[in-house]
Amino acid sequence: MTDLHPELEPILAEVTHRNPAEPEFHQAVHEVLETLGPVVSKHPQYADAEVIRRLCEPERQIIFRVPWVDDAGQIQVNRGFRVEFSSVLGPYKGGLRFHPSVSLGTVKFLGFEQIFKNSLTGMPLGGGKGGSDFNPRGRSDAEIMRFCQSFMTELHRHLGEYTDVPAGDIGVGGRELGYLFGQYKRITNRYESGVLTGKGLTWGGSQVRTEATGFGAVYFADRMLRNAGHELEGQRVVVSGSGNVAIHAVQKAQELGAVVVAVSDSDGYVVHEDGLDLGVLKEVKIIERERLDEYARRTGAQHVSGGSVWDVPATVALPCATQNEISGTAAATMVRHGLIAVAEGANMPSTPEAVAVFRGAGVLFAPGKAANAGGVVTSSLEMQQNASRDSWTFEHTDARLRETMATIHDTCVATADEYDAPGDYVVGANIAGFTRVADAMIAFGVI
Ligand code: NDP
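Residues numbered from 1 in each chain as written. Predicted model: local features only at pLDDT ≥ 70, side-chain atom pairs only at ≥ 80, totals over all residues. Heavy atoms only, no water.

**Student:** Before we go on, may I ask you to explain the overall build of the protein in this structure?
**Tutor:** Across its full length, the protein holds 18 helices and 12 strands. Taking 22 Å as the expected radius of gyration for a compact globule of 447 residues, we find that the protein reaches 21 Å, a close match to that expectation. If you line up the protein on its principal axes, its C-alpha atoms span 60 × 55 × 45 Å. Burial status across the protein gives 58% buried among its 447 residues. Residue pairs in contact within the protein that sit at least 24 positions apart in sequence constitute 72% of those at least 6 positions apart. Carbon together with sulfur atoms contributes 50% to the accessible area of the protein, which is approximately 17,400 Å² in total. (Helix = DSSP H or I, 4+ residues; strand = E, 2+ residues; numbered from the N terminus. Rg over C-alpha atoms; globule rule 2.2 N^0.38 Å. Buried < 20%, exposed > 50% of the residue type's maximum accessible area, 1.4 Å probe, protein only. Contact = heavy atoms within 4.5 Å. Areas by Shrake-Rupley, 256 points an atom, 1.4 Å probe, with all protein chains shown as cover.)

**Student:** Help me out: how do you make sense of the pattern of salt bridges in this one?
**Tutor:** Close approach of charged atoms lets side chains of opposite charge pair. Taken as a whole and assessed by the stated rule, the structure comprises 32 salt bridges. The salt bridge partner of R97 is D169, with a shortest N-O separation of 2.6 Å. Taken together, the residues span a long stretch of sequence, with R97 in strand β3 (residues 92-98) and D169 in the loop between β5 (164-167) and α8 (174-188) at a distance of 72 residues. Ionic pairing is found between D265 and K285, a salt bridge with its closest N-O pair at 3.4 Å. Of the two residues, D265 sits in strand β7 (residues 259-265) while K285 sits in helix α11 (residues 278-287), which places them 20 residues apart along the sequence. The pair formed by D265 and K285 is uniform in burial state, with each residue classed as buried. What you see here is one network of salt bridges that share partners, running through E14, R18, E50, R53 and E57. (Salt bridge = Lys/Arg side-chain N within 4 Å of Asp/Glu carboxyl O.)

**Student:** Mind showing me how you'd approach the side chain of N430 here?
**Tutor:** Within the fold, N430 resides in helix α18 (residues 425-443). Contacts of N430, omitting those with residues within four sequence positions, involve E31, V32, T35, L36, F116 and K369.

**Student:** Before we go on, may I ask you to explain the site of the ligand in this structure?
**Tutor:** Lining the immediate environment of the ligand, one finds 22 residues, of which D169, T213, S242, S266 and R291 sit closest. With respect to the ligand, the backbone of S242 contributes an N or O atom lying 2.8 Å from an oxygen atom. Protein chains shield 81% of the accessible area of the ligand, which is 890 Å² for the free molecule. Classifying every residue of the shell around the ligand by side-chain character gives 5 nonpolar, 12 polar and 5 charged. (Near = heavy atom within 4 Å. Polar contact = N/O pair within 3.5 Å; in protein donor to acceptor, adjacent residues only side chain to side chain. Nonpolar A, V, L, I, M, F, W, Y, C, P; charged D, E, K, R; others polar.)

**Student:** What is the right way to read the domain arrangement of the protein from this model?
**Tutor:** Interfaces are often described in size by the accessible area the parts lose on coming together. As far as domains go, the protein holds domain 1 (9-55), domain 2 (60-192) and domain 3 (212-371). If you look at the interface, domain 1 gives 5 residues, while domain 3 gives 7 residues. Among the residues domain 1 hides against domain 3, the three largest losses belong to E24, Q27 and E31. Together they make up 76% of the total. At the junction of domain 1 and domain 3, the tally comes to 0 salt bridges. Scanning the region where domain 1 abuts domain 3 turns up 2 residue pairs in polar contact (both at pLDDT 80 or more). Counted by class, the side of domain 1 that touches domain 3 contains 2 nonpolar, 1 polar and 2 charged residues. (Domains from an automatic or database assignment. Buried area = accessible area lost by both parts, 1.4 Å probe.)

**Student:** Teacher, can you tell me more about the sheet that holds strand β11 (residues 341-343) here?
**Tutor:** Strand pairing in a sheet takes place through backbone hydrogen bonds and is either antiparallel or parallel in direction. With mixed pairing, 7 strands are arranged side by side in an open sheet as β9-β8-β7-β6-β10-β11-β12. The open sheet has two free edges, formed respectively by β9 (302-305) and β12 (364-366), since each of these has just one partner strand. Geometrically, the sheet is characterised by an average inter-axis angle of 15° between neighbouring strands, direction not taken into account. The sheet contact formed by β7 and strand β8 (residues 268-271) spans 4 bridges and is antiparallel. Within β8, the position partnered with S264 by the bridge is Y269. Against the sheet, helix α12 (residues 292-299) makes contact with β7, β8 and β9, and its axis sits at roughly 25° relative to β8, the strand it touches most. (Pairing = 2+ DSSP bridges. Axes fitted to C-alpha atoms, helices over the stretch in contact; angles between N-to-C directions.)

Listed below in structure tokens is the structure:
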């Protein structure tokens, strides 16, 4: 990591001191602050108004008990979180994550990132994030439903289409959103479609929302490659994860002519040299909720237990699993294997050491804030459709997504140029995202 601007150094120290034992949050703040030095120098009003210090403190942090009964009749207790980070640009907006690793620090890092991502989309969205340390793995549908109902029984009082609008994330997909929306509707006696996004198509959801994050990451990667004189067609692609984002990244990369040779889950990865069979992958992972060794059994692909999918050579990497999944060592291996571009479908999947390796080697690097914004862009399109009681076609919605990803890409490029960092998408995304939020904060006075 680089040194911070002298105005920003004490802010990071304060964040670290006031939020102990939250290393992912510290990392996310550091990654943003280390790019904001030139903005602070050029626009002293941001420092004068303590914009950055205020932004690092969430507007509201909610932590609650989630008691529920498992299939054996045993009472279980989990912890629920919602961090409402910033509402200067619109209602708090960001997903819910159900995974045993979730802690307050995880949710804060994700909520902090979400502020800048949502700002970068140009849409009227604030930033927030939530979740629980609940582990959905191995749980029956009935257990998932009881958990979701209990979670929403507390969370509902903090939500609203003009207040806070969650969506899915790791461990929260269409099934969970259905149970959450059903309970919200029941408790509030309101059919308030705009309170959640990622809904099913028959009850207020939008076409393309399921595919949006993966599709968007590939649209971004394609435009970034073209901007540098390459193209996605013919590239050898490795994707990590095999959940919602990963599978739709595989789909769009294949549609644009790339050869996707590997995907992973938390048990290992599969390598399919001729290119993955998307139909079987969707069947195994989405419909049957099976593990990847089942994909290998059905297709004859190689399954590797444990290990790192980043050992598989690729020219384009799409990390779509989780945070800090690419170490500095893994990044060095990827570069040695001929990597030319990385587009982060996941949030903060590259460690700071990995980012330094990519940047040092001249690899095109699109941070999650920009590359995975397609999910929230399409959530915003879902909210527009809900507000106007309308529903758009797949083609129209997909075209809006693609256009918006192009605009985000071009904004990053133009902002990086303006701040003398041509080709640096981290600088471009952070500064463009920050200035929109900062200007609104100044306009609102000290709140
Ligand atoms: P899913 O739950 O659908 O899939 C997650 C995938 O990543 C699974 O294959 C899972 O494997 C793997 N994974 C999760 N945690 C780990 C871990 N600790 N180690 C190894 N593998 C892991 O989630 P999504 O696809 O929705 O989310 C993936 C990423 O994309 C996250 O970083 C999320 O924040 C980000 N994102 C998601 C958006 C969305 O619209 N859904 C929007 C923007 C960003 P296993 O099944 O074995 O656990």
